[in-house]
Amino acid sequence: MIVFLLGFMGAGKSHLGNQLAIETDSEYIDLDNLVVEQTGMTINQVFEKHGEDYFRELETSILHKISTELNLKEIKTDSTKKERFHFIGCGGGTPCFNNNMEWMNSHGLTVWLNPSVNILFSRLRNEKDQRPLLKELEDDQLLAFIENKLAERKKFYELSTIILNDNDVTLSKILKLVSDAQNFF
Ligand code: S3P
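Fair warning: this is a prediction, and the values are worked out from it, not measured in the lab.

What is the right way to look at the overall build of the protein chain in this model?
If you tally the helices and strands in the protein chain, you get 8 helices and 5 strands. Listed by position from the N terminus, the elements making up the protein chain come as β-α-β-α-α-α-β-α-β-α-α-β-α. Its C-alpha atoms give the protein chain a radius of gyration of 16 Å, near enough to 16 Å, the size a compact globule of 185 residues would have. Taking the principal axes of the C-alpha coordinates as reference, the protein chain spans close to 50 × 35 × 25 Å. A burial count over the protein chain gives 45% of its 185 residues as buried. Here the contacts in the protein chain between residues at least 6 apart in sequence split such that 75% fall between residues at least 24 apart. Approximately 9700 Å² of the protein chain is accessible, and the part contributed by carbon and sulfur atoms is 49%. Distance between charge centres in the protein chain, computed from 20 positive and 28 negative side chains, equals 3 Å.

Is there a simple way to think about the packing of helix 2 (residues 31–39) against helix 4 (residues 52–76) in this case?
Geometry of a packed helix pair, given as the angle between the helix axes and the separation of the axes. Running from N to C, helix 2 and helix 4 point in directions that differ by 105°, and their axes come no closer than 10 Å. Relative to helix 4, the element helix 2 lies roughly perpendicular. Touching Leu-31, Asp-32, Leu-34, Val-35, Gln-38 and Thr-39 of helix 2 are Phe-55, Leu-58, Glu-59, Ile-62, Leu-63 and Ile-66, all from helix 4. A per-class count over the contact of helix 2 with helix 4 returns 8 nonpolar, 2 polar and 2 charged.

Is there a simple way to explain the site of the ligand in this structure?
Lining the immediate environment of the ligand, one finds 13 residues, of which Lys-13, Arg-56, Gly-92, Arg-131 and Arg-153 sit closest. Taking Gly-92, its main chain carries an N or O atom lying 2.8 Å from an oxygen atom of the ligand. Note that an oxygen atom of the ligand is positioned 2.7 Å from one of the side-chain N or O atoms of Arg-153. In the complex, the protein chains occlude 94% of the 380 Å² of accessible area that the ligand would expose alone.

Help me understand the pairing of strand 3 (residues 86–89), please; the structure alone is not making it clear to me.
The two faces of the sheet receive side chains in turn, since in a regular strand these alternate between them. Residues His-86 and Ile-88 of strand 3 are buried on one face, and the alternating residues Phe-87 and Gly-89, pointing to the opposite face, are buried as well. Relative to strand 3, strand 1 (residues 2–6) is paired through 4 bridges, and the arrangement is parallel. Paired with Val-3 across the two strands is Phe-87, which belongs to strand 3. Direction of pairing for strand 2 (residues 27–30) relative to strand 3: parallel, over a ladder of 4 bridges. Each bridged residue has a counterpart across the sheet, and for Glu-27 the counterpart in strand 3 is His-86.

How should I be thinking about the sheet that holds strand 1 in this particular structure?
The strands that make up a sheet are held in pairs by hydrogen bonds between backbone atoms, and each pair lies either parallel or antiparallel. The strand order across the open sheet formed by 5 strands is 2-3-1-4-5, and the pairing between neighbours is parallel. Single-partner strands in this sheet number two, and they are strand 2 and strand 5 (162–165). Across the sheet, the axes of successive neighbouring strands diverge by a mean angle of 20°, strand direction being ignored. Strand direction decides the pairing type here: strand 4 (residues 109–114) and strand 5, joined by 4 bridges, are parallel. Bridged to Leu-113 within strand 5 is Leu-164.

For this particular structure, what's the right way to read the side chain of Thr-60?
Counting through the fold element by element, Thr-60 comes out in helix 4. A distance of 3.0 Å separates a polar side-chain atom of Thr-60 from the backbone oxygen of Arg-56. A polar contact is formed between the side chain of Thr-60 and the side chain of Asn-100, at a distance of 3.2 Å. In this structure, Thr-60 is in contact with Asn-98 and Asn-100, ignoring residues within four places of it in sequence.

Hey, could you run me through the nonpolar core in this one?
General note: in soluble globular proteins, nonpolar side chains tend to be found buried as a group. By size, the foremost hydrophobic cluster in this structure holds 34 residues, and its most contacted members are Val-3, Phe-8, Phe-87, Val-111 and Val-178. Of all the secondary-structure elements, those providing two or more residues to this core are strand 1, helix 1 (13–24), strand 4, helix 6 (117–124), helix 7 (139–157), strand 5 and helix 8 (171–182). It is helix 7 that provides the largest number of residues to this core, a total of 5 residues. Residues within four places of Val-178 in sequence aside, it is in contact with Met-1, Val-3, Phe-85, Phe-87, Leu-109, Val-111 and Ile-162. Of all hydrophobic cores here, the second largest spans 21 residues; its members include Ile-2, Leu-6, Val-35 and Met-104.

Conventions and cut-offs
- Residues numbered from 1 in each chain as written.
- Predicted model: local features only at pLDDT ≥ 70, side-chain atom pairs only at ≥ 80, totals over all residues.
- Heavy atoms only, no water.
- Helix = DSSP H or I, 4+ residues; strand = E, 2+ residues; numbered from the N terminus.
- Rg over C-alpha atoms; globule rule 2.2 N^0.38 Å.
- Buried < 20%, exposed > 50% of the residue type's maximum accessible area, 1.4 Å probe, protein only.
- Contact = heavy atoms within 4.5 Å.
- Areas by Shrake-Rupley, 256 points an atom, 1.4 Å probe, with all protein chains shown as cover.
- Lys, Arg positive; Asp, Glu negative; His and termini not counted.
- Charge placed at Lys NZ, Arg CZ, Asp CG, Glu CD.
- Axes fitted to C-alpha atoms, helices over the stretch in contact; angles between N-to-C directions.
- Parallel < 35°, antiparallel > 145°, perpendicular 65-115°, else oblique.
- Nonpolar A, V, L, I, M, F, W, Y, C, P; charged D, E, K, R; others polar.
- Near = heavy atom within 4 Å.
- Polar contact = N/O pair within 3.5 Å; in protein donor to acceptor, adjacent residues only side chain to side chain.
- Pairing = 2+ DSSP bridges.
- Core = buried A, V, L, I, M, F, W, Y, C linked by side-chain atoms within 4.5 Å.

The values are spatial; any link to function lies outside them.
What follows is the structure, encoded as structure tokens:
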């Protein structure tokens, strides 16, 4: 089963995705890393050279390709050898373009990691440089950016099957919910 980890930049998708993969003996795939592999550029360079629209098309095509491949692999694999999960860490904006929520909801389990704005801010103020949407912002602009962008994106994130807020964004809570959900797939 594919589990799409969604949420704002700094929500902990990569960190928790890696932990979840270790705990469940499954794989973790980071969508941004696939963009970097495919283009041979950093995310900042892709934005600078080609612009955001190009990046959004590329992340959507990679999302489609990887989830189609993984679901086909599942069908072909002997059921006794199946990996339990494929965790895909999406970019913060992935759910908000090109009907990607609809795609993800029909190809796996969507999980929105939604820690508090204060947590996002405290993480992102030290990690702006690698992120094209944040790197020009001063700290005092960052908080307002997070609040506004999150308000704009909420309607997409809210379409997730599982939503974890604030203190519920923990490895043990996600693990339990994802394992329970697997029984319904
Ligand atoms: C983006 C989030 C980034 C990356 C790109 C755009 C966004 O991923 O895809 O910089 O629009 O929120 P992370 O959420 O992993 O930082």
